[in-house]
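Reading the structure
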Amino acid sequence: MAQNTVETSPRTPVTLLGLGAMGTALARTWLAAGHPLTVWNRTAARAEPLAAEGAVVAATAAEAVAAGRLVVVCLLDDDSVEQALDGVELAGKDLVDVVTSTPEQARARAAWAEARGARYLDGGIMAVPPMIGVPEAGAYVFYSGSAEVFEEYREVLGVPAGARYVGADAGYAALHDVALLSAMYGMFAGIAHAFALVRGEAVAPSELAPLLREWLTAMAGSVERTAAQLESGDYTSGVVSNLAMQVAGKGTLLRTAEEQGVSVELLSPYFRLMEHRLALGSGAEDLTGVVDLLRR
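Residues numbered from 1 in each chain as written. Predicted model: local features only at pLDDT ≥ 70, side-chain atom pairs only at ≥ 80, totals over all residues. Heavy atoms only, no water.

Right, let's get into the sheet that holds strand S8 (residues 162-165). Reading across from one edge, S3-S2-S1-S4-S5-S6-S7-S8 is the order of the eight strands in this open sheet, with mixed pairing throughout. The open sheet is flanked by strand S3 (56-57) and S8, the only strands paired with a single partner. Bridging between strand S4 (residues 70-73) and strand S5 (residues 94-97) involves four bridges; their strand directions are parallel. In the sheet register, Val71 faces S5, and the bridge partner there is Leu95. The strands touched by helix H5 (residues 103-115) are S5 and strand S6 (119-126); relative to S6, the strand with the most contacts, the crossing angle is about 150°. (Pairing = 2+ DSSP bridges. Helix = DSSP H or I, 4+ residues; strand = E, 2+ residues; numbered from the N terminus. Contact = heavy atoms within 4.5 Å. Axes fitted to C-alpha atoms, helices over the stretch in contact; angles between N-to-C directions.)

Right under this line is the structure:
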């Protein structure tokens, strides 16, 4: 009597260079998903726990790269990539670089890889290590560069975190990454100022926190309006509180900070841009014109 067998496709082998907190998190998700994994790290001791979990530990970066076609690089910075792969044979390899870099660094690294016979994909990770391999955490990675490489490895790249392709220009993953991170730090600045205002008062930070979250979530809806205004060139459409009104109201925010003994260094630069835009005769506009002032 014949037995039914279920054939499973072999998992794509992955080579991973770099075992910091993020690299280790990536490694563990690929191992858990059954992908053969070869790893290398400059400090070899960091590879030992992964060896116990089934990874093959290479003695050198060149040995790791030679082990397979797909090579993922998760090192400290772009200079580290240069150093680790100096003199390493890359012909025929598919290099996926998820090191945080600038758009121009990514474009230069793509040209560097292609000149050595490798296909190149750049990545910008929108996550911290604990989010990797946890679907409900919402982690994802921007990818740009070779569309062929992305399509070929879409499934394996999607194991640790969602994979989002943003264009053939190798610099676009880094550009999207830094744009979102810049917005994040602007938000953090506002949060810091808000907590500083109530510091020392009979207002517990834990009481303010849910109000801040609720308010910032509501205000996040302005993102789509700003995008629509930038694309149409009409900064007066859908305006709720125009620029003139908001400039007039900033004095209350500044005076409150002074009364509370709080520095206005996080708010003042933005207010100065608002005043500059108003001086150009744009009082009926939304705040969108500030974007044009930031362009040099």
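Still more ground to cover, so stick around.
Most often, soluble globular proteins have nonpolar side chains that are buried together. Of all hydrophobic cores here, the largest spans 32 residues; its most connected members are Leu16, Leu37 and Val96. At six residues, helix H1 (residues 21-32) tops the list of elements feeding residues into this core. In contact with Val96, other than residues within four places in its own chain, are Leu70, Val71, Val72, Val73, Leu121, Tyr143, Val149 and Leu157. Residues Trp40, Leu75, Leu85 and Val88 belong to the second largest nonpolar core, which totals 22 residues. (Core = buried A, V, L, I, M, F, W, Y, C linked by side-chain atoms within 4.5 Å. Buried < 20%, exposed > 50% of the residue type's maximum accessible area, 1.4 Å probe, protein only.)

Further remarks concern a nonpolar patch on the surface. Taken together, the side chains of Tyr185, Met187, Phe188, Trp215, Leu216 and Met219 present a nonpolar region at the surface, about 630 Å² in accessible area. Broken down by secondary-structure element, the contributors of at least two residues to the nonpolar patch are helix H7 (172-198) and helix H8 (205-219). (Patch = residues over 30% accessible without salt bridge, like charges linked within 9 Å, V, L, I, M, F, W, Y side chains within 5 Å. Areas by Shrake-Rupley, 256 points an atom, 1.4 Å probe, with all protein chains shown as cover. Salt bridge = Lys/Arg side-chain N within 4 Å of Asp/Glu carboxyl O.)

The next subject is the pairing of strand S7 (residues 140-145). Within S7, six of the six residues are buried, which leaves the element mostly enclosed by the surrounding structure. Of the two faces of S7, the one holding Tyr140, Phe142 and Ser144 and the one holding Val141, Tyr143 and Gly145 are both buried throughout. Across six bridges, S6 lies against S7 in antiparallel orientation. Among the inter-strand pairings, Leu121 is bridged to a residue of S7, identified as Gly145. Two strands pair when backbone bridges link them, and S7 and S8 are joined in this way by four bridges, in the parallel orientation. Bridging from a neighbouring strand, Phe142 pairs with Arg164 of S8. Taken together, S7, helix H6 (residues 147-157) and S8 form a β-α-β motif whose crossover is right-handed. (Right-handed = clockwise from strand over helix to strand, strands pointing away.)

Before going further, it helps to examine the packing of aromatic side chains. The tally for this structure, following the rule as stated, stands at four aromatic pairs. Geometrically, the ring pair formed by Tyr140 and Phe142 is edge-to-face, given 5.1 Å between the ring centres and 80° between the ring planes. Residues Tyr140 and Phe142 agree in their burial class; the two are buried. Site record: aromatic cluster; members linked through ring pairs are Tyr143, Phe150 and Tyr165. The ring of Trp112 has Arg109 lying over it, and the distance from NZ or CZ to the ring centre is 4.5 Å. The ring of Tyr140 has Arg164 lying over it, and the distance from NZ or CZ to the ring centre is 3.6 Å. (Phe/Tyr/Trp six-rings, centres within 6.5 Å; stacked < 30°, edge-to-face > 60°. Lys NZ or Arg CZ within 6 Å of the ring centre and 35° of its normal.)

Attention now moves to the environment of Gly289. Mapping Gly289 onto the fold places it in helix H12 (residues 289-294). The spatial distance from the C-alpha of Gly289 to the C-alpha of Asp234 is 9.8 Å, given a sequence separation of 55 residues. Each residue touching Gly289, except ones within four places of it in the same chain, is listed here: Tyr235 and Arg277.

For the rest of this paragraph, the subject is the pairing of S5. Looking down a regular strand, the side chains alternate between one sheet face and the other. Side chains of S5 alternate between two faces, with Asp94 and Val96 and Leu95 and Asp97 buried alike. Handedness of the S4-helix H4 (residues 78-84)-S5 crossover: right-handed. Examined bridge by bridge, S5 and S6 share four bridges and lie parallel to one another. Across the sheet, the residue bridging to Leu95 is Tyr120, located in S6. Crossover connection from S5 via H5 to parallel S6: handedness right-handed.

Considering all chains together, one arrives at 14 salt bridges under this definition. Between Glu152 and Arg69 there is a salt bridge, with its nearest N and O atoms 2.5 Å apart. In this pair, Glu152 is assigned in helix H6 and Arg69 in the loop between helix H3 (61-66) and S4, connecting sequence segments 83 residues apart. The exposure class of Arg69 is partly exposed, given its relative accessible area of 40%. Among the ionic pairs, Asp286 bridges to Arg225, the shortest N-O distance being 2.8 Å. Taken together, the residues Asp286 in the loop between helix H11 (268-279) and H12 and Arg225 in helix H9 (residues 222-232) connect sequence positions 61 residues apart.

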